[in-house]
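The primary structure of each chain is shown beneath.
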Amino acid sequence: MNSNEIRTEKKERLLSLDALRGFDMFWITGGSMLAIFLGKTFGFEWLINQMEHVEWVGLHMYDLIFPLFMFISGVAIPYALISKLEKNVPQKTLLAKVTKRMVILVVLGVIYNGALSGDLSNIRFASVLGQIGLAYFFASAIVVYTKSFASRLYWLAGMLVGYALIQLFVPVPGIGAGVLTPEGCINGYIDRLLLPGRLHGEVFDPEGLLCIVSAAGITLMGSVAGHFLREQSRTPWEKISILSIIGVGLFLVGWALHPVYPIIKSAWTTSFNLAAGGISFLLMAFFYLIIDVLKWQKWSFYFRVIGMNSIFVYLFVRFIDVSKLTNSLFGWSPELLGDFGQLIWIIGWLGIIWSVLYYMYRKQVFLRV
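Residue numbers restart at each chain and count upward from 1, following the sequence in its written direction. Per-residue local features are limited, in this predicted model, to residues with pLDDT of at least 70; the limit for side-chain atom pairs, both in listing and counting, is 80 or more; totals at the level of whole chains, interfaces and linings are taken over all residues. The basis for every side-chain value is the complete set of non-hydrogen atoms in the structure, without hydrogens or water.

### What about the overall build of the chain?
Helices and strands together make up the secondary structure of the chain, namely 15 helices and 2 strands. Taken over C-alpha atoms, the radius of gyration comes to 21 Å for the chain, in line with the 21 Å a tight globule of 369 residues would show. Considering only C-alpha atoms, the chain reaches an extent of 60 × 55 × 40 Å along its principal axes. Here the term buried applies to any residue with accessible area under 20% of the maximum for its type, exposed to any over 50%, and partly exposed to those in between, with areas from a 1.4 Å probe on protein chains only. With 369 residues in all, the chain has 50% of them scored as buried. Considering the chain, the positive charge centre built from 29 side chains and the negative charge centre built from 22 side chains are found 13 Å apart. A run of DSSP states H or I qualifies as a helix once it reaches four residues; a run of E qualifies as a strand once it reaches two. Both are numbered from the N-terminal end. Put simply, the radius of gyration uses C-alpha atoms, and a globule should come to 2.2 Å times the residue count raised to 0.38. Counted as positive: Lys and Arg. Counted as negative: Asp and Glu, with His and the chain ends omitted from the count. To locate a charge, the coordinates of NZ of Lys, CZ of Arg, CG of Asp or CD of Glu are taken.

### Some points on helix H9 (residues 236-257)
By this rule the span expected of a helix is its residue count minus one, scaled by 1.5 Å. With 22 residues, H9 should reach 32 Å at 1.5 Å per residue; the first-to-last C-alpha distance of 32 Å fits that figure. Among the residues making up H9, those that are buried are Lys239, Ile240, Ile242, Leu243, Gly247, Leu250 and Gly254. Mapping the buried residues of H9 onto a view down its axis gives an arc of 165°, with all of them on the same face. Exposed side chains of H9 directed beyond 90 degrees from the buried face belong to Trp237, Ile245, Leu252 and Ala256. Here, two residues are considered to be in contact whenever any of their heavy atoms come within 4.5 Å of each other. Summarising the contacts, the buried residues of H9 are in contact with helix H8 (209-230) and helix H10 (270-293). What the arc describes is the spread of directions from the helix axis to the C-beta atoms.

### Re the packing of aromatic side chains
For Phe, Tyr and Trp, rings pair up if their centres lie within 6.5 Å, where Trp contributes its six-membered ring, and each pair is then called stacked (planes under 30 degrees apart), edge-to-face (over 60) or tilted (otherwise). If you walk through the whole model with that rule in mind, you get 30 aromatic pairs. Relative to Phe287, the ring of Phe286 lies with its centre 6.1 Å away and its plane at 75°, an arrangement referred to as edge-to-face. Residue classification places Phe286 among the partly exposed positions, given a relative accessible area of 44%. Under the relative-accessibility criterion, Phe287 is labelled buried at 3%. Positioned over the ring face of Tyr136 is Arg101, at 4.0 Å from the centre of the ring. Sitting over the ring of Phe319, Arg318 keeps its end group 5.6 Å from the ring centre. For a ring to carry a charge above it, either NZ of a lysine or CZ of an arginine must fall within 6 Å of the ring centroid while also lying within 35 degrees of the normal to the ring plane.

### Focus on the side chain of Ser333
Relative to the assigned elements, Ser333 resides in helix H14 (residues 332-337). In protein, a polar contact means a hydrogen-donor-capable atom and an acceptor-capable atom, both N or O and within 3.5 Å, with residues adjacent in sequence counting only if both atoms are side-chain atoms; elsewhere, any N or O pair within 3.5 Å suffices. At 3.0 Å, the side chain of Ser333 and the backbone oxygen of Gly341 are in polar contact. Leave out the neighbours within four places in its chain, and Ser333 touches Gly338, Gly341, Ile344 and Trp345.

### What about the pattern of salt bridges?
Definition used for salt bridges: Asp or Glu carboxyl oxygen within 4 Å of a side-chain nitrogen of Lys or Arg. Applying the stated criterion across every chain yields a total of 5 salt bridges. Of the charged contacts, one joins Arg124 and Glu207 as a salt bridge, the two residues approaching to 2.6 Å between their closest N and O atoms. On the criterion of sequence distance, the pair formed by Arg124 in the loop between helix H4 (91-112) and helix H5 (128-145) and Glu207 in the loop between helix H7 (186-194) and H8 is long-range, its members being 83 residues apart. Residue classification places Arg124 among the buried residues on the basis of a relative accessible area of 8%.

### Side note on unusual backbone geometry
Of note, the phi angle at Trp268 is positive, near 50°, even though the residue is not glycine. As for its placement among the helices and strands, Trp268 is situated in the loop between H9 and H10. Taking relative accessible area as the criterion, Trp268 reaches 0% and is therefore assigned buried. In this model, Lys295 sits at a positive phi of 65°, which is unusual for a non-glycine residue. In this structure, Lys295 sits in the loop between H10 and helix H11 (301-307). For Lys295, a relative accessible area of 54% corresponds to the exposed category.

### Topic: the environment of Ser323
Locating Ser323 in the fold gives a position in helix H13 (residues 322-330). Sequence separation between Ser323 and Ser148 is 175 residues; the distance between their C-alpha atoms is 49 Å. Setting aside its immediate chain neighbours within four residues, Ser323 contacts Trp345 and Trp349.

### Details of the confidence of the model for the chain
The pLDDT value tells you how sure the predictor is about a given residue, anywhere from 0 up to 100. Of all residues in the chain, 96% attain a pLDDT of 70 or more, and the chain-wide mean is 93. Throughout residues 1-12 the model reports pLDDT below 50, and contacts reaching past four residues in sequence, or to other chains, amount to 23 contacts.

### What about the side chain of Gln167?
Following the sequence through the fold, Gln167 ends up in helix H6 (residues 149-169). Discounting chain neighbours no more than four positions away, the residues touching Gln167 are Gly178, Leu180, Ile186, Asn187, Tyr261, Ala267, Thr269 and Thr270.

### Things to note about the environment of Asp292
Tracing the backbone through its elements, the reader meets Asp292 in helix H10. Classification of Asp292 by relative accessible area gives buried; the value is 15%. Asp292 sits 56 residues away from Pro236 along the chain, and the two C-alpha atoms are 8.8 Å apart. When near neighbours in sequence (up to four residues on either side) are disregarded, Asp292 contacts Leu14, Leu15, Ser16 and Phe287. At 2.4 Å, the side chain of Asp292 forms a polar contact with the side chain of Ser16.

### Considering H6
In this model H6 runs 30 Å from its N-terminal to its C-terminal C-alpha over 21 residues, within 8% of the 30 Å that 1.5 Å per residue would give. The set of residues buried in H6 consists of Phe149, Arg152, Leu156, Met159, Leu160, Tyr163, Ala164 and Gln167. Seen along its axis, H6 keeps its buried residues to an arc of 115°; they face one direction. Exposed residues lying more than 90 degrees from the buried face of H6 are Tyr154 and Phe169. Residues of H6 that are buried in the fold lie against helix H3 (65-85), H5, H7, H8 and H10.

Structure, rendered in structure tokens:
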């Protein structure tokens, strides 16, 4: 069965990977509303701030959602592709598979951006889904066509260093080199020069052409984590130690670079990739420890249901008016119960989304792209 089809069969899964993916998607499907409500209720201004993207330079929790998802997709690469290489599946067959996945995600991304609305002169071709598809394609191609794990590490290092050199030393006409602003960075210049249609920020697109290269880097980081998790020769505690050490190291290097090479999520600077990748390694190690090693699994079921249909729920909240559904069931609560009623409304929103996903889970229907 092809990867873009609805799948109904059961297979062995790394439960922590599904749970972490669901935890990640939770924040953009209603979790941030709950966090903001709690922040306002208890006076946690820091929590409210963490639920917003930084304007340009810096790092908030909300800025980690997208790179973490890409990291997670990379973790799955050894399970999805290397396992097939070991069974002598031809490389060209696997490349065709990830190419098809890339095309579908690019098309879905353009549709997500409103391509079917009728305004053909204002289409935004760059998209979150498109970037996921393209970055996964490049990372997968590297994994499929390299002969050793060490070669993949060389590719990863080359991508991170090469991307930094381009951002810092390739001059933008009329501006110069290393000007890391939306108007001045090389990313924006390439987008304005080559990317058709509307840009997200008029002069710059955070899912633009050069950003895809950097995003492929963090996807390849995920494949490194997947490599260690899949190794049969290592104990679970050795795997946790390796992921944790790598995570701490990457995070510290990213923040050490920040004063001279700022952490900028929208431009996917290498310093951002290192910091976000480090946090992703640590989260993967933590979820793996709790769920797959210590077997504390019941609490994770809520997130696993979300994580097993992540693309579906991303599209669901875009095209279905969940707010209208919630108002029809819980719209009375804020008016009658005040702040407590607002909490009921938010929980109702989350409950509606999760109920749809749980129904699909019970029917073993999973949208794989």
